[in-house]
Amino acid sequence: PSDFRLRGRGAAKVLVLGAGVAGLAAAYELGKAGYDCTILEAQDRVGGRNRTLRGGDRLAEMGGATQRVRFSDGQYMNAGPARIAQWMTTMDYCRELGVPLEVFTNSNAEALIYNESAGMKAPVKWRTAKADVFGYISELLAKATDQGALDQRLTATDKERLLSFLSGFGAIGSKTSGYAYTGTDRRGYTVDPGAGHQAGTPLGPPPSLSEVLASGVGRSFSFEFGYSQAMLMFQPVGGMDAIPRALARAVGHGKIKTGAKVTKITNLASGVRVEYVAGGRTKVAEADYVIATLPPNILAKIPHNLGAGVQAALSTPVPAATGKIGLEYRSRWWELEDNIYGGITNTDLDLATIWYPSYGYNDRRGLLIGYYNFGAAADTYAAMTHEQRLTRALNQGAKIHGDKYRKDIAASVSIAWKRQEHIEGGWISWPSRGAEYKLLNEAQGNVYYCGDWLSYEIAWQHGSFESARKVVSELHQRVLKS
Ligand code: PHE
């Protein structure tokens, strides 16, 4: 839990560029400490990449058509951030701002894994893949242990304890059976256990060790071991944009100028002058300090007088491609037919992942994320029209869920983050966190840079919040000293 607060009152004028999570958080914290903050935001909405799409919204794309979102009431798609780890500062802001949370299911034993290029004939449930991989790994390790292959590493007691662990972990046979893994009901059932004489029909024997290794299903497991991706994870009830909405309310809507595109940043002997275009007119704003939270690739296009070093640093990070498609279905067949209530299917197809909704269980309608992909796969979809993306996503998804995947779609919308004006990327990556990263993490005259791109948690709201806190702390110390 966090107890962040700027101590002492500050009395300076601060212009914040960008009303994404970093900009809103910076203005929010400075406002609490008595600063006079104004936010300039190029778009007609706050939130930046934190965007929740609902029926009635319009989604414009650079060099592409504008999509009208036709999702029905109550259905929404988090086009940007969609999951929060429990340790993240984002959780503290949700508490402070009164944003209600619910569990976001990041891993689900009932969801699927499918590696087409490994020759898998059909997808398997995560539970089945885990039973088989853990089972065979346990068998191999138990055999090696028992045959003395690990005697250099293990004492006799270690061996006993390891064998006892493997027996439970892999559900393998006893020493007399050679510790064989032959499959258990952990793999799942074709007919579920019931009452009386209905013991259930287990899925049957596992594929061979060779087949399991060849399928590559085990490659998916480590994802949920990651510090930022482990269950439990959370999401705001009703959509991730509850966070920027609450921040904007706390900052005060009167302090946020939307439709204001920054065109020039001039650092002065005392203060900063910012030119921006709003309503077709060029305007000027002056302040003691500027906090620039736009993506570096966007800042690199805005003239400034901070020097060639700053310009080179802003041009160093590489924007990353990512995209999503939201598919609203007239029935929640993934729950009705496949017992999948939330979670993620992992594939080696260019759709990469399918996300089942972690809200609205057992409702009539529901909304899937039909792809959430990265890099080259995201570029492939970005180059298409929405209709082409939809067709491709459905054809690929049908490899996993069959023909029903193409039916009963009520509405769809797709986003390609590199084609979002004023943002032009999902997030950025630093070739290395070298001199450029260090430079932009320090004030340049009266200009501070801020955003997830200046943190160790890029592509997470946590990084934006942490960067905002760091920058406002530094600015505040400077103001208190002056
Ligand atoms: N935070 C984003 C997500 O959860 C992007 C990301 C993916 C970041 C994987 C790190 C690892 O999808």
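Residues numbered from 1 in each chain as written. Predicted model: local features only at pLDDT ≥ 70, side-chain atom pairs only at ≥ 80, totals over all residues.

**Brief notes about the overall build of the protein**
And then number 1: On a plain count of helices and strands, the protein comes out with 13 helices and 26 strands.
And then number 2: Projecting the C-alpha coordinates of the protein onto the three principal axes gives extents of approximately 85 × 60 × 40 Å.
And then number 3: Counting only residues that meet the buried cut, the protein has 43% of its 482 residues in that class.
And then number 4: Of the contacts made within the protein by residues no fewer than 6 positions apart, 69% connect residues no fewer than 24 positions apart. (Helix = DSSP H or I, 4+ residues; strand = E, 2+ residues; numbered from the N terminus. Buried ≥ 20, exposed ≤ 12 C-beta atoms within 10 Å, placed from the backbone. Contact = placed C-beta atoms within 7 Å.)

**Some points on helix H10 (residues 375–382)**
Quick reminder: α-helices carry 3.6 residues per turn. Residues three or four places apart thus point the same way.
And then number 1: Where H10 is concerned, the buried positions are Ala378, Tyr381 and Ala382. For H10, the arc enclosing every buried residue in end-on projection is 105°, short of the 170-degree limit, so these residues lie on one face.
And then number 2: Of the surrounding secondary structure, the elements contacted by the buried residues of H10 are strand E20 (322–329), strand E23 (366–374), helix H11 (386–401) and strand E24 (409–416). (Arc of directions from axis to C-beta.)

**What to know about the environment of leucine 454**
And then number 1: Position of leucine 454 relative to the elements: it lies in the loop between strand E26 (447–449) and helix H13 (461–481).
And then number 2: Using a count of 27 C-beta atoms within 10 Å as the deciding quantity, one classes leucine 454 as buried.
And then number 3: Distance in space between the C-alpha atoms of leucine 454 and leucine 140 is 45 Å, their sequence separation being 314 residues.

**Points about the sheet that holds strand E13 (residues 233–236)**
And then number 1: Read from one edge of the open sheet, three strands run E7-E13-E8, paired in antiparallel fashion. Each edge of the open sheet carries a strand with a single partner, namely strand E7 (84–85) and strand E8 (101–104).
And then number 2: Summarising the sheet, E7 and E13 pair through two bridges and their orientation is antiparallel. If you follow isoleucine 84 over to E13, its bridge partner there is phenylalanine 234. (Pairing = 2+ DSSP bridges.)

**Focus on the packing of helix H2 (residues 89–97) against helix H6 (residues 242–251)**
And then number 1: Closest axis-to-axis distance for the H2/H6 pair is 10 Å, and the angle between their directions is 55°. Relative to H6, the element H2 is oriented oblique. Between H2 and H6 the crossing geometry is left-handed. Taken together, the residues of H6 that come into contact with H2 (itself represented by Tyr93, Cys94 and Leu97) are Ile243, Ala246, Leu247 and Ala250.
And then number 2: Class assignment of the residues belonging to the contact of H2 with H6 gives a composition of seven nonpolar, no polar and no charged. (Axes fitted to C-alpha atoms, helices over the stretch in contact; angles between N-to-C directions. Parallel < 35°, antiparallel > 145°, perpendicular 65-115°, else oblique. Left-handed = near helix turned anticlockwise from the far one by under 90°. Nonpolar A, V, L, I, M, F, W, Y, C, P; charged D, E, K, R; others polar.)

**Concerning the sheet that holds strand E16 (residues 272–278)**
And then number 1: Pairing is antiparallel in the open sheet, where three strands are placed in the order E15-E16-E17. The open sheet has two edge strands with one neighbour each: strand E15 (260–267) and strand E17 (281–287). Recorded for the sheet is a direction-independent mean angle of 25° between the axes of neighbouring strands.
And then number 2: One ladder, built from seven bridges, connects E15 with E16; its direction is antiparallel. Across the sheet, residue asparagine 267 finds its bridge partner in E16, namely valine 272.

**Digging into the pairing of E13**
And then number 1: Sheet analysis places E8 next to E13, joined by four bridges and oriented antiparallel. In the strand pairing of E13, glutamate 102 is matched with glutamine 235.

**Some words on unusual backbone geometry**
And then number 1: Residue methionine 231 is joined to leucine 232 through a cis peptide bond whose omega torsion reads -10°.
And then number 2: Turning to its location among the elements, leucine 232 is positioned in the loop between helix H5 (209–215) and E13.
And then number 3: The phi angle at tyrosine 179 is positive, at roughly 60°, despite the residue not being glycine.
And then number 4: Of note, tyrosine 179 is situated in the loop between helix H4 (156–170) and strand E11 (189–191).
And then number 5: Unlike most non-glycine residues, aspartate 408 shows phi in positive territory, near 65°.
And then number 6: Inspection of the secondary structure assignment puts aspartate 408 in the loop between H11 and E24.
And then number 7: Since 12 C-beta atoms lie within 10 Å of it, aspartate 408 is described here as exposed.

**So, the packing of H2 against H13**
And then number 1: One way to put it is that H2 packs onto H13 with a least axis distance of 8 Å and a crossing angle of 75°. Here H2 is positioned roughly perpendicular relative to H13, judged by the angle of their axes. Within the contact between the two elements, H2 uses Thr89, Thr90 and Tyr93 and H13 uses Gln461, His462, Phe465 and Glu466.
And then number 2: Grouping the amino acids of the contact of H2 with H13 by side-chain chemistry returns two nonpolar, four polar and one charged.

**What to know about H2**
And then number 1: Here H2 has its buried residues at Thr89, Thr90, Tyr93 and Cys94. For H2, the buried positions fall inside an angular range of 150° around the axis, keeping them on one side.
And then number 2: Among the structural elements, E7, E8, E13, H6 and H13 are those in contact with the buried residues of H2.
And then number 3: Count one or two residues on from H2 and you reach glycine 98, which has phi positive near 70°.

**Regarding the nonpolar core**
And then number 1: Ranked by internal contacts, the top residues of the largest apolar core, which has 69 residues, are Leu24, Ala26, Val290, Ile291, Ala292, Tyr448 and Cys450.
And then number 2: Broken down by element, this core gets its largest block of residues, eight residues, from helix H1 (residues 21–32).
And then number 3: Sequence-distant contacts of alanine 292, that is, excluding residues within four places in its chain, are made with Leu17, Leu299, Val447, Tyr448, Tyr449 and Cys450.
And then number 4: Counting residues in each nonpolar core, the second largest holds 50 residues, with Ala321, Leu327, Trp334 and Ile369 among its members. (Core = buried A, V, L, I, M, F, W, Y, C linked by C-beta atoms within 7 Å.)

**A closer look at the UniProt feature "domain: Amine oxidase" (unreviewed entry) in the protein**
And then number 1: UniProt feature "domain: Amine oxidase" (unreviewed entry): in the numbering of this structure it lies at residues 21–474.
And then number 2: Regarding residues 21–474, the helix share stands at 29% and the strand share at 23%, and the terminal C-alpha atoms are separated by 19 Å. (UniProt positions renumbered as here; feature names shortened; annotations may be inferred.)

**Looking at the environment of proline 123**
And then number 1: Secondary-structure assignment places proline 123 in the loop between strand E9 (112–114) and strand E10 (124–125).
And then number 2: A tally of 21 C-beta atoms within 10 Å means that proline 123 is categorised as buried.

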